[in-house]
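Residue-level structural notes
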Amino acid sequence: MTVRDEESAAQRQQRPEDEPGTGVVTAFGRQLKLLRVRAGLERAEFGKRLGYSADTVASIEQGRRIPQARFIEKADEVLGAGGVLTALKEEVGRAQYPAFFRDAARLEADAHELSLYAVQAIPGLLQTEEYTRALLAMRRPLLDEDTIEQRVSARLSRQETFARWPAPLVSFVIEEAVLRKPFGGAAVLRGVLENVLMVGHRRNVEVQVMPNDQEDNAGVDGPFTLITPKKGEQIAYLEVQGRSILVADRDEVRSISARYGIIRSQALTPRESLGFVEKVLGEL
């Protein structure tokens, strides 16, 4: 059976904990303030101990900003909360992502294998902070600054998947045109290409480039991600224009997986691809 989530974020029915200012985010903020006041700490002093500004602490307490895992862990320690705050870490963390991506993010974080075909932008797992911020700043309708910062942080936190052990096997096929799109300017593009090279040299990662002059390309239907969990069946994730689909139907997933195999065979080899990225870098 295919699991579909085709509504836009604006149209989709949200659960109460899904957005800043509601649900678990507000509950966390209120609990944090209660514990801070009980500990006799002003926001400025508390923030100093955690390495954050008083304004940031205020935003989190008021439910206007979603705290990162390291903030929650440190706050729990400083306030002697005994795990009261860290118990909410997973639920609070889920609220970092746009509604349409949350289920995919959960599956990605526990994946045994990931296979991504990219045709529009460098995949999030390979992005730099500057590149991510440039992409989000170009979104229309415009995103507010707090939302941009939250999503930048959330996207970068996904890259912790490379540090997990046992390390997941991750494969990327990226269209050449993507490597040449100067989102954010030449310096930002240079930085993200350098990051692609660095990650591409990891033993559990393979990066391949689909050249513009490749006459045969099985990826004409667009981008997708294949997620293989540690337990359970492989799932495909499709996303476009703020809409997403998680595909679990075995026959459909098998077809997408076969297509990815063909795409990989048509692209440059991993060794050739890293050399190609170096070439593009040299042209900047």
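Before any of the text, the structure's been laid out above.
Residues numbered from 1 in each chain as written. Predicted model: local features only at pLDDT ≥ 70, side-chain atom pairs only at ≥ 80, totals over all residues. Heavy atoms only, no water.

1. Describing the environment of Phe 224
Which entries qualify depends on this criterion: Strands here are runs of E lasting at least two residues and helices are runs of H or I lasting at least four, both read from the DSSP assignment and numbered beginning at the N terminus. Under the scheme applied here, a residue whose accessible area is under 20% of the maximum for its type counts as buried, over 50% as exposed, and between as partly exposed, the area being computed with a 1.4 Å probe on protein chains only. Contacts are residue-level and defined by heavy atoms, with any inter-residue pair within 4.5 Å sufficient.
Mapping Phe 224 onto the fold places it in strand S5 (residues 224-229). Judged by relative accessible area, Phe 224 falls into the buried class, the value being 5%. When the C-alpha positions of Phe 224 and Leu 238 are compared, they lie 5.0 Å apart, and in sequence the two are 14 residues distant. Excluding residues that lie within four positions of it along the chain, Phe 224 makes contacts with Ser 115, Leu 116, Tyr 117, Tyr 237, Leu 238, Ile 256, Arg 259, Tyr 260 and Ile 263.

2. Some words on unusual backbone geometry
Across residues other than glycine, the phi torsion is negative in most instances, and most of the peptide bonds are trans. Here Arg 140 and Pro 141 are connected by a cis peptide whose omega angle stands at 0°. With an omega dihedral of 0°, the bond running from Trp 165 to Pro 166 counts as a cis peptide bond. Looking at the secondary structure, you find Pro 166 in the loop between helix H8 (145-157) and strand S3 (169-175). Look at Gln 241: it is not a glycine, yet its phi comes out positive at around 50°. The topology assignment puts Gln 241 in the loop between strand S6 (235-240) and strand S7 (243-247).

3. Digging into the packing of aromatic side chains
Rules: In summary, the pairing rule links any two rings of Phe, Tyr or Trp, Trp by its six-membered ring, whose centres are within 6.5 Å, and it sorts them by plane angle into stacked for under 30 degrees, edge-to-face for over 60 and tilted for everything else. Charges are assigned to positions over rings by a cutoff of 6 Å between ring centre and Lys NZ or Arg CZ, combined with an angular limit of 35 degrees from the ring normal.
What the rule picks out here adds up to six aromatic pairs. Measuring from centroid to centroid gives 5.8 Å for Tyr 117 and Phe 224, while their planes differ by 50°, and the two rings are tilted. Here the residue Tyr 117 occupies a position in strand S2 (residues 111-118), and Phe 224 occupies one in strand S5, the gap between them amounting to 107 residues. Of the two residues, Tyr 117 and Phe 224, both sit in the buried class. When the ring centre of Phe 276 is taken as origin, the NZ or CZ atom of Lys 279, which lies over that ring, is 5.6 Å away.

4. Quick word on helix H3 (residues 54-61)
Because the α-helix completes a turn every 3.6 residues, residues three or four places apart line up on one side. Of all the eight residues making up H3, six are buried; the element is thus mostly covered by neighbouring parts of the structure. What H3 keeps buried is the set Thr 56, Val 57, Ala 58, Ser 59, Ile 60 and Glu 61. If you follow the buried residues of H3, they end up packed against helix H1 (23-38), helix H2 (43-50) and helix H4 (69-78).

5. Observations regarding the packing of H2 against H4
Basically, it comes down to this: Each axis is a line fitted through C-alpha atoms, and for a helix only the stretch in contact is used; angles between axes span 0 to 180 degrees, taken between their N-to-C directions. In this scheme the handedness of a crossing depends on how the near helix is turned from the far one: anticlockwise by less than a right angle means left-handed, clockwise means right-handed. By the convention adopted, Pro, Cys, Tyr, Trp, Phe, Met, Ile, Leu, Val and Ala count as nonpolar, Lys, Arg, Asp and Glu as charged, and the other residues, Gly among them, as polar.
Between H2 and H4, whose axes approach to 10 Å, the crossing angle comes to 115°. Where H2 crosses over H4, the two elements pack in a sense that is right-handed. Residue-level inspection shows Phe 46, Arg 49 and Leu 50 of H2 in contact with H4, the latter providing Phe 71, Lys 74, Ala 75 and Val 78. Residues belonging to the contact of H2 with H4 are distributed by class as follows: five nonpolar, no polar and two charged.

6. A word on the layout of surface pockets
Think of a ball as big as a water molecule: rolled over the atoms, this probe shows where empty space is left. Heads up, the condition is: Each cavity reported here is a set of points on a 1 Å grid over the protein atoms alone in which a 1.4 Å probe fits but cannot get out, each pocket an open set with protein on both sides within 12 Å along at least five of seven lines, and each lining residue one with an atom within 4 Å of a point. Grid points are joined across faces, edges and corners, and a volume is the space filled by probe spheres set on the points.
Each pocket or cavity is described by its volume, and for the second largest pocket that value is around 760 Å³. Its residues assigned to classes, the lining of the second largest pocket comprises six nonpolar, six polar and 11 charged.

7. Re the pattern of salt bridges
Put simply, the rule reads: The term salt bridge refers to a side-chain nitrogen of Lys or Arg lying within 4 Å of a carboxyl oxygen of Asp or Glu.
Using the criterion set out here, one finds 14 salt bridges in the structure. In this structure, the salt-bridge partner of Glu 61 is Arg 43, at a minimum N-O distance of 2.8 Å. Pair noted here: Glu 61 is in helix H3 and Arg 43 is in helix H2, with a separation of 18 residues, a long-range link. A relative accessible area of 5% places Glu 61 in the buried class. Judged by its relative accessible area of 24%, Arg 43 is partly exposed. The partner of Arg 133 in a salt bridge is Glu 149, with the nearest N and O atoms 2.9 Å apart.

8. Looking at H1
This is how it is decided: Expected helix span is taken as 1.5 Å per residue step, with the number of steps being one fewer than the number of residues.
For H1, with 16 residues, the first-to-last C-alpha span of 23 Å sits near the 22 Å given by 1.5 Å per residue. Listed as buried for H1 are Val 24, Val 25, Thr 26, Phe 28, Gly 29, Leu 32, Leu 35 and Arg 36. Looking at the packing, one finds that the buried side of H1 touches H2, H3, H4 and helix H5 (89-94). In the stretch just after H1, Gly 40 is the one whose phi turns positive, near 75°.

9. Topic: the pairing of S6
In plain terms, the rule: Pairing between strands is defined by DSSP: at least two bridges between them are needed.
Relative to S6, S5 is paired through three bridges, and the arrangement is antiparallel. The residue bridging Ile 227 from the neighbouring strand is Ile 235, located in S6. The sheet contact formed by S6 and S7 spans five bridges and is antiparallel. The partner of Ala 236 across the bridge, within S7, is Val 247.

10. What to know about the nonpolar core
The line we're drawing: The nonpolar core is taken to be a set of buried Ala, Val, Leu, Ile, Met, Phe, Trp, Tyr and Cys residues, with the residues joined through side-chain atoms within 4.5 Å.
Formed by 42 residues in total, the largest nonpolar core has its most connected members in Ile 122, Phe 172, Ile 174, Leu 179 and Leu 193. It is helix H10 (residues 186-200) that contributes the most residues to this core, seven residues altogether. Core analysis: the next-biggest nonpolar cluster, separate from the first, contains 19 residues, Leu 32, Leu 35, Ile 66 and Leu 79 among them.

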